[in-house]
Amino acid sequence: MNLGKIGRNTRCPCGSGKKYKHCCLGKRGFSLAEEYWQRYRIILKTAEQVAGIIESGKVLKEIMDGVEKIIAPGITTDDINDFVHEQTIKAGAIPAPLNYHGFPKSVCTSVNDVICHGIPGNQVLQDGDIVNVDITPILKGYYADANKTFFVGTPTPAGEKIVSVAARCLQLGIEAVTPGATLGDIGFAIQNFAEAEGCSVVREFVGHGVGLDFHEAPQVSHTGRSGQGIVLVPGMVFTIEPMINLGKKEVKILDDGWTAVTKDGSLSAQFEQTLLVTENGSSSLTPFDLNRFIIS
């Protein structure tokens, strides 16, 4: 794995629009990793660091698979929190959300019109609900971050639609990740599809760099213009986590200071994976099958 390298014919990371070989190649006197740290405070990950994130991602997947097995009408969101906390500790990891800027639980559980950062509690899941579960373990200092939106019991037509659109949005965002593309290409792919489906994209919350800390540079917007923004280069690790509303995009934060809900009360769904930019495209460090959530 040759991280922190960029092809001679790819778009120059300085943003000039020229090919790397015709712009900054050999001119700056320092490496691409140094360039991205000095210019953007982005940490291009080494092969050793990527391996650590992958191991954390394996822990995440095992926990998420376990969550899916217990999701059913009648359980509480606190039941999900207890399971995630216990399984994270059992794996020798630490739940990153717990006490993060005062967040009181080990996982975020966002039900129906909750966009993100739902706090687990005594809410009982009902047949037809949708619930997003957002998990971030820290294993030996390495963070992996992913979430899924699950159906509780028998899905409603509205639930099926918003979950399908959100899953496809993440899929399209991932497909846009390749060296020489830009962050704007990711946002454009997501926004273009979601709005064509009559849904809206939340602006207030974004994807982010991750791996050595919970939230790193860059911010990854889920809206944007093709060709604009920071140029993607191998070694970048970040999440894509589009939050898609069935109704309007406006957000309201509840009195707890964390829970974000749709202002119009419409359903909201989200999917997230941690991505590595490679020499030929991208690799998910928290892989799971998105196709099973998508209505063809």
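Report on the accompanying structure. Bear in mind that the values here come from a model prediction, so they are computed numbers and not experimental data.

Before going further, it helps to examine the environment of Ala96. In this fold, Ala96 is placed in the loop between strand E1 (94-95) and strand E2 (108-111). By relative accessible area, which is 8% here, Ala96 ends up buried. When the C-alpha positions of Ala96 and Ser106 are compared, they lie 7.0 Å apart, and in sequence the two are ten residues distant.

Next up on the list: the packing of aromatic side chains. In total, this model carries five aromatic pairs according to the counting rule given. Ring centres of Tyr143 and Phe214 lie 6.1 Å apart, and the angle between their planes is 25°; on these two criteria the pair is classed as stacked. Linking Tyr143 in strand E6 (residues 142-143) with Phe214 in the loop between strand E9 (207-209) and strand E10 (216-220), this pair joins segments that are 71 residues apart in sequence. The pair formed by Tyr143 and Phe214 is uniform in burial state, with each residue classed as buried. Both rings, one in Phe271 and one in Phe293, keep their centres 4.8 Å apart while their planes meet at 55°; by these two values the pair is tilted.

Let us now look at the pattern of salt bridges. The final tally for this structure, using the stated rule, is nine salt bridges. Of the charged contacts in the structure, one is a salt bridge between Asp65 and Lys61, with a shortest N-O distance of 2.8 Å. In this pair, Asp65 and Lys61 both sit in helix H2 (residues 47-70), four residues apart, roughly one turn of the helix. Residue classification places Asp65 among the partly exposed positions, given a relative accessible area of 29%. In this structure, Arg168 engages Glu175 in a salt bridge whose closest nitrogen and oxygen atoms are separated by 3.7 Å.

This paragraph deals with the nonpolar core. If you look at the biggest cluster of nonpolar residues, it comprises 63 residues, and the most contacted ones within it are Val67, Ile186, Ile240 and Ile244. Among the elements that take part in this core, helix H4 (residues 157-175) stands out by supplying nine residues, more than any other. Counting eleven residues, the second largest nonpolar core, distinct from the first, contains Val50, Ile53, Ala96 and Tyr143.

We now examine the sheet that holds strand E14 (residues 260-262). Strand-to-strand pairing in sheets goes through backbone hydrogen bonds, with the strands running parallel or antiparallel. Judged by pairing direction, the sheet is antiparallel, and its three strands sit side by side in the order E3-E14-E13 without closing on themselves. Because the sheet does not close on itself, it has two edges, and the strands there are strand E3 (114-116) and strand E13 (251-253). Sheet twist, expressed as the average angle between the axes of neighbouring strands with direction ignored, equals 40°. Note: E13 against E14, three bridges, orientation antiparallel.

This part takes up the sheet that holds strand E4 (residues 130-135). With respect to topology, three strands assemble into an open sheet ordered E2-E4-E7, the strand pairing being antiparallel. Two strands close off the open sheet at either side, each with one partner strand: E2 and strand E7 (146-151). Put simply, the sheet's adjacent strands are angled 20° from each other on average, direction ignored. Strand direction decides the pairing type here: E4 and E7, joined by six bridges, are antiparallel. Looking at the pairing, Asn132 lines up with Thr149 of E7.

Our next topic: helix H1 (residues 32-40). All of the buried residues in H1 are Leu32, Glu35 and Tyr36. The buried residues of H1 occupy one face: seen down the axis, they fall within an arc of 90°. Looking one or two residues past H1, Arg41 carries a phi angle of roughly 60°, positive in sign.

Packed helices, taken two at a time, are described by the angle their axes make and the gap between the axes. In contact at an axis separation of 8 Å, H4 and helix H5 (residues 183-196) are set at 150° when each is read in the N-to-C sense. On the basis of the axis angle, H4 is roughly antiparallel to H5. Between H4 and H5 lies a crossing whose hand is right-handed. Judged by residue contacts, Val165, Arg168, Cys169, Leu172 and Gly173 of H4 engage Ile186, Ala189, Ile190, Phe193 and Ala194 from H5. In terms of residue class, the contact of H4 with H5 is built from eight nonpolar, one polar and one charged.

Most peptide bonds are trans, and most residues other than glycine sit at a negative phi. Cis geometry is adopted by the peptide bond preceding Pro218, which originates at Ala217 and carries an omega value of 5°. Relative to the assigned elements, Pro218 resides in strand E10. Here the phi dihedral of His101 falls at roughly 50°; this positive angle occurs in a residue that is not glycine. By the element assignment, His101 lies in the loop between E1 and E2. We classify His101 as exposed; its relative accessible area is 65%. The phi dihedral of His117 is positive, around 65°, even though this residue is not glycine. In this structure, His117 sits in the loop between E3 and E4.

Cut-offs and rules
Residues numbered from 1 in each chain as written. Predicted model: local features only at pLDDT ≥ 70, side-chain atom pairs only at ≥ 80, totals over all residues. Heavy atoms only, no water. Helix = DSSP H or I, 4+ residues; strand = E, 2+ residues; numbered from the N terminus. Buried < 20%, exposed > 50% of the residue type's maximum accessible area, 1.4 Å probe, protein only. Phe/Tyr/Trp six-rings, centres within 6.5 Å; stacked < 30°, edge-to-face > 60°. Salt bridge = Lys/Arg side-chain N within 4 Å of Asp/Glu carboxyl O. Core = buried A, V, L, I, M, F, W, Y, C linked by side-chain atoms within 4.5 Å. Pairing = 2+ DSSP bridges. Axes fitted to C-alpha atoms, helices over the stretch in contact; angles between N-to-C directions. Arc of directions from axis to C-beta. Parallel < 35°, antiparallel > 145°, perpendicular 65-115°, else oblique. Left-handed = near helix turned anticlockwise from the far one by under 90°. Contact = heavy atoms within 4.5 Å. Nonpolar A, V, L, I, M, F, W, Y, C, P; charged D, E, K, R; others polar.

Interpretation note: all reported values are geometric properties and have no functional meaning in isolation.
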